Structures are given as structure tokens and as C-alpha cells.
Amino acid sequence: MLKPFWIWLDHFCENLEATPLSQAIQTIVWVIPTVQIIHIVGIAAVMGSAFMLNARVAGLVDRDEDAGSVARRFLPVIWWTLPVLLATGAVMIIGEPGRALKNPVFHAKVALILVAMAHLWFCQRRLLAGTANAAAVVLPSIVLWLGIVFCGRWIAYF
Ligand code: HEM
């Protein structure tokens, strides 16, 4: 059942790698370093915002500011940066498809991103109202975002 999928994925990666777009990404020397820089700045924005949001929910920072207003400041940064990470990640994948698409660590990263987004979406209303429960928000959020960063870096070594 799974074997035909892996064979299909092999062909898909080979075909994608042979497209003019992939060839351009592979041969124009500034493309990969540029998208990597944008991806890493995006990671800093998401992680910095998630950290500040969680630290406020845990009551560690900005205690004189309403928790809802802290959420209003940092939630848009996370939501608007995710498409940037998706776009830059897609360029890296098109440039070298097999490296990510055939890598189980990348599959784990995508699964964690989907769970982190669902968790954030689920908690969002209470975060904005300033009534979020620290136990339900902080630990899952930190574990998920750190797991995503860990998988992102680990792709290169697996
Ligand atoms: C939204 C969709 C995303 C896609 C499609 C994507 C895809 C990728 C790809 C293809 C790489 C290159 C891996 C390699 O070849 O070594 C990468 C690197 C990385 N990604 Fe993402 N990514 C996404 C989102 C994120 C998010 C949300 C985070 C964390 C907040 C993240 C963290 C990382 C890290 C830490 C690296 C390693 C950077 C480096 O050391 O050069 N990514 N990503």
C-alpha cells in the first residue's frame, strides 16, 4: 500500500527537480541563501512572538498590560509570518525536492506545524479576551514550536 506512494514520490521529486523553475533555483547562486535568510528571520519573528505571548499568559512579562492587548500585538505577527515561511520553504523544496519531501523529519515538521496552527486557532479567542488558561496554552505551544524548529534544523542531518 505504502510502496506505490514512495515510488510515486520518487518520480515526483525527479520530475520537479528537472523543471526550469527548479533548475533556476539550483543555478542562480543568490536564490537559496536569500530565501534561507528570509526563512530564518521569519522563524525569529514567530518564535519571538510565541515566546512573548506565552510569557505574558504565564504572567512572567508585561504584567501591567492587559493580556488581550499583548495577544493583539503578537498573534498577527505569527499568522502573517507563516505564509512567508511557507513560500520560502516551498522555494527550498522546489530547488531540492527529495531532500525534504522524502525525509520523515520533514513530514514530522509539517505535522507539528498543522497541530501548532490548530492549537493557536483553538486558543485564539481566549487569548484575545485575556482569559486563556496558562496550562492549556503555554506548555503545548512551547513544545510544538520548539519541535518545529528542531525538525527544521534536523532535516539537514537525517
Ligand atoms: C510553513 C511551512 C514551512 C515549510 C514548507 C518549511 C520548509 C523548510 C525547508 C525546506 C527547510 C530546509 C531544510 C534543509 O534542507 O536543511 C527549512 C528549514 C528550516 N525551517 Fe522551515 N518550513 C516551514 C515553516 C517553518 C516554521 C513555522 C519554522 C519554525 C518556527 C521553521 C523552522 C525551520 C528551521 C529552524 C530550519 C533550518 C534553517 C537552517 O538551519 O538553515 N520552518 N524549512
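Heads up: the structure comes first, above all this text.
The structure displayed is predicted, hence computed values, not measured ones.

Enquirer: Give a description of the overall build of the protein that names residues and reports values.
Expert: Looking only at helices and strands, the protein has 7 helices and 0 strands in total. Reading the secondary structure of the protein in the N-to-C direction produces α-α-α-α-α-α-α. C-alpha extents for the protein along the principal axes are approximately 55 × 40 × 25 Å. The buried share among the 158 residues of the protein stands at 19%. In the protein, the share of contacts with a sequence separation of at least 24, taken over all contacts with a separation of at least 6, comes to 78%.

Enquirer: Could you give an account of the environment of Arg125, with specific residues and numbers?
Expert: With respect to the helices and strands, Arg125 occurs in helix α6 (residues 104–129). As for Arg125 and Ile148, which are separated by 23 residues in sequence, their C-alpha atoms are 23 Å apart.

Enquirer: Describe the site of the ligand, and please don't skip the residues or the numbers.
Expert: The local shell around the ligand holds 23 residues, among which Leu85, Gly89, Met92, Gly152 and Ala156 are the closest. Of the residues forming the shell around the ligand, the biggest block, 7 residues, is contributed by helix α4 (residues 67–95). Among the residues making up the shell around the ligand, the classes are represented as 17 nonpolar, 4 polar and 2 charged.

Enquirer: So what's going on with α6? Residues and values would help.
Expert: Turn by turn, an α-helix covers 3.6 residues, leaving residues three or four places apart pointing in a common direction. Compared with the 38 Å implied by 1.5 Å per residue over 26 residues, the 38 Å span of α6 between its first and last C-alpha is a close match. Of all the bends in α6, the largest measures some 45° and sits at Cys123. Check the buried side of α6 and you find it contacts α3 (31–57), α4 and α7 (134–154). Phi for Gly130, located one or two positions after α6, is positive at around 75°.

Procedures and definitions
- Residues numbered from 1 in each chain as written.
- Predicted model: local features only at pLDDT ≥ 70, side-chain atom pairs only at ≥ 80, totals over all residues.
- Helix = DSSP H or I, 4+ residues; strand = E, 2+ residues; numbered from the N terminus.
- Buried ≥ 20, exposed ≤ 12 C-beta atoms within 10 Å, placed from the backbone.
- Contact = placed C-beta atoms within 7 Å.
- Near = placed C-beta within 6 Å.
- Nonpolar A, V, L, I, M, F, W, Y, C, P; charged D, E, K, R; others polar.
- Expected span 1.5 Å × (residues − 1).
- Bend = angle between axes of the 7 residues up to and from the residue.

Everything listed is a geometric property; what it means functionally is a separate question.
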